Amino acid sequence: MIKTLFFSLLLAFLSYALLQPSASAATVELVPSSRVILKLTAEMTVDEIIRRVYPNEQDLWPQIKQKLIETNPNSFVQYSDRLIPGTRLKLLDIKRIEEPEELNPKVKIGYVAAMSGPVAAIDVNDREQGLQVNSPIFEGDRLETGVSSNLHLLMDDGAEIFLKEDSELKVSEYVITSGYDNNSSSILDLIRGGLRTITGAIGASPFANYQMQTGLATIGIRGTEYVLKLCRQDDCSRTVSRNDADAKLHAVVLEGAITLTTDEEVQILMALGEYGSATREELVLEERKTLPTGFLDTDETGRFDATIPPPREQEQEQESSNTWMWILGALLLVVGL
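Description of the structure in this document. Just so it is clear, the structure is predicted and the values come from calculations on it, not from any experiment. (Residues numbered from 1 in each chain as written. Predicted model: local features only at pLDDT ≥ 70, side-chain atom pairs only at ≥ 80, totals over all residues. Heavy atoms only, no water.)

Two side chains that carry opposite charge are able to pair once their charged atoms sit near each other. Scanning the entire structure with this criterion turns up 17 salt bridges. With a shortest N-O distance of 2.7 Å, aspartate 81 and lysine 65 are connected by a salt bridge. Taken together, the residues span a long stretch of sequence, with aspartate 81 in the loop between α3 (61-71) and β2 (89-98) and lysine 65 in helix α3 at a distance of 16 residues. Salt-bridge contacts for glutamate 168 lead to arginine 142; the nearest nitrogen and oxygen are separated by 2.8 Å. (Salt bridge = Lys/Arg side-chain N within 4 Å of Asp/Glu carboxyl O. Helix = DSSP H or I, 4+ residues; strand = E, 2+ residues; numbered from the N terminus.)

Attention shifts here to unusual backbone geometry. With glycine set apart, most residues show a phi of negative sign, and most peptide bonds adopt trans. With a phi angle near 60°, aspartate 126 is a residue other than glycine that sits in the positive phi range. Relative to the elements of secondary structure, aspartate 126 occurs in the loop between β4 (119-122) and β5 (128-130). Residue class for aspartate 126 comes out exposed when judged on its relative accessible area of 65%. Backbone geometry at glutamate 265 places phi at a positive 70°, although glycine is not the residue there. Looking at where glutamate 265 falls in the secondary structure, it is placed in the loop between β18 (257-261) and β19 (267-271). (Buried < 20%, exposed > 50% of the residue type's maximum accessible area, 1.4 Å probe, protein only.)

This part is about the state of the cysteines. Considering all chains together, one arrives at 1 disulfide under this definition. Sulfur-sulfur distance for the disulfide between cysteine 231 and cysteine 236 comes to 2.0 Å. On the S-S bond that ties cysteine 231 to cysteine 236, the torsion sits near 100°, and the link is right-handed. Given the relative accessible area of 0%, cysteine 231 is considered buried. (Disulfide = S-S within 2.5 Å.)

This part is about the sheet that holds β5. Pairing is mixed in the open sheet, where 9 strands are placed in the order β5-β4-β7-β10-β11-β13-β14-β18-β19. Edge positions in the sheet fall to β5 and β19, since each of these pairs with one other strand and no more. Ignoring which end each strand starts from, the neighbouring axes of this sheet average 20° apart. Looking at chain direction, strand β7 (residues 142-145) and strand β10 (residues 168-175) are connected through 3 bridges and run antiparallel. Note that in β10 the partner of arginine 142 across the bridge is lysine 170. (Pairing = 2+ DSSP bridges. Axes fitted to C-alpha atoms, helices over the stretch in contact; angles between N-to-C directions.)

Within the largest apolar cluster, 41 residues are counted, with the highest numbers of intra-cluster contacts made by Leu143, Met212 and Ile219. Looking at which element gives the most residues to this core, the answer is strand β17 (residues 247-255), with 4 residues. Filtering out sequence-adjacent residues up to four positions away, leucine 143 remains in contact with Ala120, Ala121, Leu131, Ile137, Leu151, Leu153, Leu163, Ser167, Glu168, Leu169 and Val171. By size, the runner-up hydrophobic cluster in this structure holds 18 residues, among which are Leu40, Met44, Ile49 and Leu83. (Core = buried A, V, L, I, M, F, W, Y, C linked by side-chain atoms within 4.5 Å. Contact = heavy atoms within 4.5 Å.)

Now for the pairing of strand β16 (residues 235-239). Within a regular beta strand, the side chains point alternately toward one face of the sheet and then the other, so they alternate between its two faces. One ladder, built from 2 bridges, connects strand β15 (residues 225-232) with β16; its direction is antiparallel. From the neighbouring strand, cysteine 231 faces β16, where its bridge partner is threonine 239. The hairpin turn running from β15 into β16, its antiparallel successor, is 2 residues long, and glutamine 233 in that turn takes a positive phi close to 55°.

Shown next as structure tokens:
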């Protein structure tokens, strides 16, 4: 009775010491352990030892048994699995060698031209990496900037992307083909925050597929520069996600033209100097007015303001001044003659 109790406690201890969690994607190797049953008794069987020491490894029980016999030839009756009382039994450790994870291939499509503050990229394999100047950017990357951070990307087709602070952009698809034909594509997803972008050869091609998706409207272009930001309605001092209930997209065109299109195929065209917005309910080509605070930075504001045509009165004064300058020039010419 005492021997049986001692045997049970011993096996329970060994089970706790040797037990390792199962791993599905691993190669298993059985190796001799430093732990030993010092003296086998007549009541012990190899199957009972295995059951108690390796309770969660039922799939491996046959292999464990075979390996125990191989490792302890002097502890078993020859050509059998019967233990010899009074002998020692060296136990086994289960080593799991993790198999290499299958990773999706990555295709470089640009690099970091400049940045400030912490910026990270999460690739197609869900691996996160901090970025620095000259870090490559790959198709499928999800790029994230923190507060007071920004990121300037130069893409392989010559496009430039300036990701604003507290923003997130996914390069969903970026394919460059010879001649930038209809197999070329640039599909970007603005998930949070804002950006300014200058299109490259893909955006300039009449055949390639260019889309900037924002969840509220999709921007299509053919060679241009524009600024977008997802705001809490007209408060652009706080960035929001495209999925927020009160998200509103603000857009201005600094060069060229863009289209804003909803999932319902409602579309507006925006030309140089125009300002538009999109919510889940409507697209609006806004009249020129003061833009929301926090939408444009200082440089963008200056460039956008420069697209405002001069008031009619200023044009008339300019025309009148030009007329008098022409008359004065003519009189000086006559006097000179």
